[in-house]
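Breakdown of the fold
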Amino acid sequence: GGARKVTAGGVKASEAGAWAEGRASAQASSPSSGSVMARYGSWTMQKLTVAYCEFSGSSRGAREFIQTMLPAFKEKFPHYEVETMVRKGRHPYVRGDYTKGIPRIVGIKNLPPSEINFHVTNLRNHTNDKATHLKKRVLSKRPSIQGQWTATADNV
């Protein structure tokens, strides 16, 4: 046997790659890819804003993204309001406004269009829900061999 590469989840890398490829092809083949963000009959992200500078070098990728990839995004997802905003002398960013909660802003300074598209996809798939706290303690059927933890045990 050769060396076996195992990922953090304990799955072989080849199995993980096959799973990711299968998932990607399933999402690409389904007409509603990205339905993760539809909650209770409405889309969670309402508006996407791309802010950039017309002249600065840090906005080069943002300007290219707006010319090449943003029209396809508008066509694929017509239910989003898409806005471009010129900010002279400022670094570019992408902003997602949601139905609830605060907007998410991601800086895209000096990024190529493919990475900007990655950030836009993450904003699109984000639900903007608050983290839920687990109320119950974890109880085990097998108590610790070392005994139960107490506050005084740390001060030894």
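Here we look at the overall build of the chain
Counting its secondary structure elements, the chain contains four helices and six strands. Ordered by position from N to C terminus, the α and β elements of the chain give α-β-β-β-α-α-β-β-β-α. With 156 residues in all, the chain has 24% of them scored as buried. Pairs at least 24 residues apart make up 65% of the contacts formed inside the chain by residues separated by at least 6 positions. A total of about 11,800 Å² of accessible surface is found on the chain, and carbon and sulfur atoms cover 53% of it.

Quick notes on the sheet that holds strand β3 (residues 45-52)
Spatial strand order, β4-β3-β5-β6: four strands in an open sheet with mixed pairing. Unpaired on one side and paired on the other, β4 (81-86) and β6 (104-107) mark the two borders of the sheet. Between one strand axis and the next, the sheet turns by 15° as a mean value, whatever way the strands run. Its contacts with the sheet put helix α2 (residues 60-68) on β3 and β4, and the angle it makes with β3 is roughly 130°. Of the strands in this sheet, β3, β5 (93-98) and β6 are in contact with helix α4 (residues 113-125), which crosses β5 at around 10°.

Focus on the nonpolar core
Judged by nonpolar contacts, the single largest core of 20 residues is most densely connected at L48, F73 and I116. Among the elements of the structure, β3, α2, α3 (70-76), β5 and α4 are those that each provide at least two residues to this core. Element by element, the count of residues in this core is highest for β3, at four residues. The residues contacting I116, other than those within four sequence positions of it, are G61, A62, F65, V94, I108 and L111.

Quick notes on the packing of aromatic side chains
This model, assessed by the stated rule, comprises four aromatic pairs. The interplanar angle of 50° and the centroid separation of 5.1 Å between the aromatic rings of F73 and F77 together place this pair among those described as tilted. Through a chain of ring-to-ring contacts, the aromatic side chains of W43, F73, F77 and Y80 assemble into a single cluster.

A word on α4
Taking 1.5 Å per residue, 13 residues should reach 18 Å; α4 reaches 18 Å between its end C-alpha atoms and fits that length. When we look at burial in α4, the residues that qualify are P113, I116, V120, L123 and R124. All buried residues of α4 project into a common sector of 100° when viewed along the axis, lining one side. Packing partners of the buried residues in α4 comprise β3, α2, α3, β5 and β6.

Observations regarding the confidence of the model for the chain
Of all residues in the chain, 72% attain a pLDDT of 70 or more, and the chain-wide mean is 78. Confidence drops under pLDDT 50 across residues 1-35; counting only partners more than four residues distant or on other chains, this segment forms 16 contacts.

Quick look at α2
Looking only at α2, the buried set comprises G61, A62, F65 and I66. On an axial view of α2, the arc spanned by its buried residues comes to 140°, and they lie on one face. Exposed positions of α2 whose direction lies more than 90 degrees from the buried face are R60 and Q67. Tucked inside the fold, the buried residues of α2 contact β3, α3, β4 and α4.

Some points on the pattern of salt bridges
In total, this model carries three salt bridges according to the counting rule given. As a salt-bridge pair, K100 and D129 come within 2.9 Å of each other at their nearest N and O atoms. Placement of the pair is K100 in the loop between β5 and β6 and D129 in the segment after α4, with a sequence separation of 29 residues.

Procedures and definitions
- Residues numbered from 1 in each chain as written.
- Predicted model: local features only at pLDDT ≥ 70, side-chain atom pairs only at ≥ 80, totals over all residues.
- Heavy atoms only, no water.
- Helix = DSSP H or I, 4+ residues; strand = E, 2+ residues; numbered from the N terminus.
- Buried < 20%, exposed > 50% of the residue type's maximum accessible area, 1.4 Å probe, protein only.
- Contact = heavy atoms within 4.5 Å.
- Areas by Shrake-Rupley, 256 points an atom, 1.4 Å probe, with all protein chains shown as cover.
- Pairing = 2+ DSSP bridges.
- Axes fitted to C-alpha atoms, helices over the stretch in contact; angles between N-to-C directions.
- Core = buried A, V, L, I, M, F, W, Y, C linked by side-chain atoms within 4.5 Å.
- Phe/Tyr/Trp six-rings, centres within 6.5 Å; stacked < 30°, edge-to-face > 60°.
- Expected span 1.5 Å × (residues − 1).
- Arc of directions from axis to C-beta.
- pLDDT = per-residue confidence, 0-100.
- Salt bridge = Lys/Arg side-chain N within 4 Å of Asp/Glu carboxyl O.

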